Structure formats: C-alpha cells, structure tokens
Amino acid sequence: RSKSNSYANCTLLKIDGVRTRDDAAWYFGKRVAYVYKAKKEVKNSKFRVMWGKVRRAHGNSGVVRAKFRKNIPPRAFGAPCRVMMYPSSI
C-alpha cells in the first residue's frame, strides 16, 4: 500500500534543455506524442501514438504537466515521448 496517491490524468514530462519555469512556459499548449509499438498491425503499421498537450509547469526546475486524451499506461512512465513545436504562438 502506497501512502502517496498517483493521478493518472496528469503526466510529468522533463523536456531536454528546459531548466526554469520561464523556459517551460514556451511549451504550454504544445502537442505531445507518445509513440509505441504494438503486436497487431493496423493500417500497415505496428506503431501507434497517444496524443496529449502540455498544460502547465510543475515546480521551478522546468518540469511540465501534460494531459493525454487517454491516460498513458504505467509502462510508459519514464519512457521518451515527442514534443511537437506546434501549435505555435509566434
């Protein structure tokens, strides 16, 4: 039994090169893709993707919170994911 709760609808992401809360602010609203490989082939590909969005900062060290359309599975914790440079506000 764990004394700390984990909430599946919010995922923490550490983005390379982001060290401060101000750096993380640029990524708010950007799309996140968790790409994984499955056994069964769908549409001629074994790769599948779960989409999410960077929501807000978590702490002061550049970690961000992301919300995925479907909650990512526990085997994805600590796995790499792709942060897209869109939608852009520049």
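A short tour of the structure in this document, coming up. As the structure is a prediction and not an experimental result, all values here were calculated from the model.

Conventions adopted
- Every chain is numbered independently, its residues counted from 1 as its sequence is written.
- Residue-level local features of this predicted model are given only where pLDDT is at least 70; pairs of side-chain atoms are given and counted only at 80 or more, and the full residue set underlies all totals for whole chains, interfaces and linings.
- Hydrogens and waters are ignored; side-chain quantities use all the structure's heavy atoms.
- As defined here, a cavity is a set of points on a 1 Å grid over the protein atoms alone where a 1.4 Å probe fits but cannot get out. A pocket is an open set with protein on both sides within 12 Å along at least five of seven lines, and residues line them when an atom is within 4 Å of a point.
- Grid points are joined across faces, edges and corners, and a volume is the space filled by probe spheres set on the points.
- For helices the rule is a DSSP run of H or I covering at least 4 residues; for strands it is a run of E covering at least 2, with both sets numbered from the N terminus onward.
- Gly is put with the polar residues, along with every residue not named as nonpolar or charged; the nonpolar set is Ala, Val, Leu, Ile, Met, Phe, Trp, Tyr, Cys and Pro, and the charged set is Asp, Glu, Lys and Arg.
- At least two DSSP bridges between two strands are required for those strands to pair.
- Cysteine sulfur atoms are paired as a disulfide whenever they fall within 2.5 Å.
- Accessible area is worked out with a 1.4 Å probe on protein chains only. A residue is then buried under 20% of its type maximum, exposed over 50%, and partly exposed in between.
- Side-chain rings of Phe, Tyr and Trp, where Trp is taken by its six-membered ring, are said to pair if the distance between their centres is within 6.5 Å; with planes under 30 degrees apart they count as stacked, over 60 as edge-to-face, and otherwise as tilted.
- Distance and angle both matter: a charge sits over a ring if NZ of Lys or CZ of Arg is within 6 Å of the ring centre and within 35 degrees of the ring normal.
- Neither His nor the chain termini are counted; the positive set is Lys and Arg, and the negative set is Asp and Glu.
- Note on definitions: salt bridges are taken to be side-chain nitrogens of Lys or Arg within 4 Å of carboxyl oxygens of Asp or Glu.
- For this analysis, a polar contact is any N or O atom pair within 3.5 Å, provided that within protein one partner can donate a hydrogen and the other can accept it, and provided that sequence-adjacent residues contribute only side-chain to side-chain pairs.

## Remarks on the layout of surface pockets
Where empty space is left becomes clear once a probe the size of a water molecule has been rolled over the atoms.
Phase 1: Taken as a whole, the largest pocket spans an internal volume of roughly 470 Å³.
Phase 2: With four residues, the top contributor of residues to the lining of the largest pocket is strand β1 (residues 11–14).
Phase 3: Tallied by class, residues from the lining of the largest pocket come to 15 nonpolar, four polar and one charged.

## With respect to the sheet that holds strand β3 (residues 45–58)
Phase 1: One open sheet holds the five strands; their spatial order is β1-β4-β3-β2-β5, and the pairing between them is antiparallel. One side of each edge strand has no neighbouring strand; the edge strands of this open sheet are β1 and β5 (82–83).
Phase 2: Note that β1 and strand β4 (residues 63–68) share four bridges and pair antiparallel. Within the sheet, the bridge partner assigned to leucine 12 lies in β4 and is arginine 65.

## Looking at the state of the cysteines
Phase 1: What the rule picks out here adds up to zero disulfides.
Phase 2: For cysteine 10, which is in no disulfide, the shortest distance to another cysteine sulfur is to cysteine 81 and amounts to 13 Å.
Phase 3: Taking relative accessible area as the criterion, cysteine 10 reaches 35% and is therefore assigned partly exposed.
Phase 4: Residue classification places cysteine 81 among the partly exposed residues on the basis of a relative accessible area of 28%.

## Examining the packing of aromatic side chains
Phase 1: In this structure the tally under the stated criterion is two aromatic pairs.
Phase 2: For the ring pair tryptophan 26 and tyrosine 27, a centre distance of 5.2 Å and an interplane angle of 85° mean the geometry is edge-to-face.
Phase 3: We classify tyrosine 27 as buried; its relative accessible area is 15%.
Phase 4: The cationic tip of lysine 30 hangs over the ring face of tryptophan 26; the distance from NZ or CZ to the ring centre is 4.3 Å.

## Remarks on the side chain of lysine 30
Phase 1: By secondary structure assignment, the location of lysine 30 is in the loop between α1 (21–25) and β2 (31–42).
Phase 2: No salt bridge is formed by the buried lysine 30. Its closest oppositely charged neighbour is aspartate 23, at 13 Å.
Phase 3: One polar contact links the side chain of lysine 30 to the main-chain carbonyl oxygen of proline 87, over a distance of 3.2 Å.

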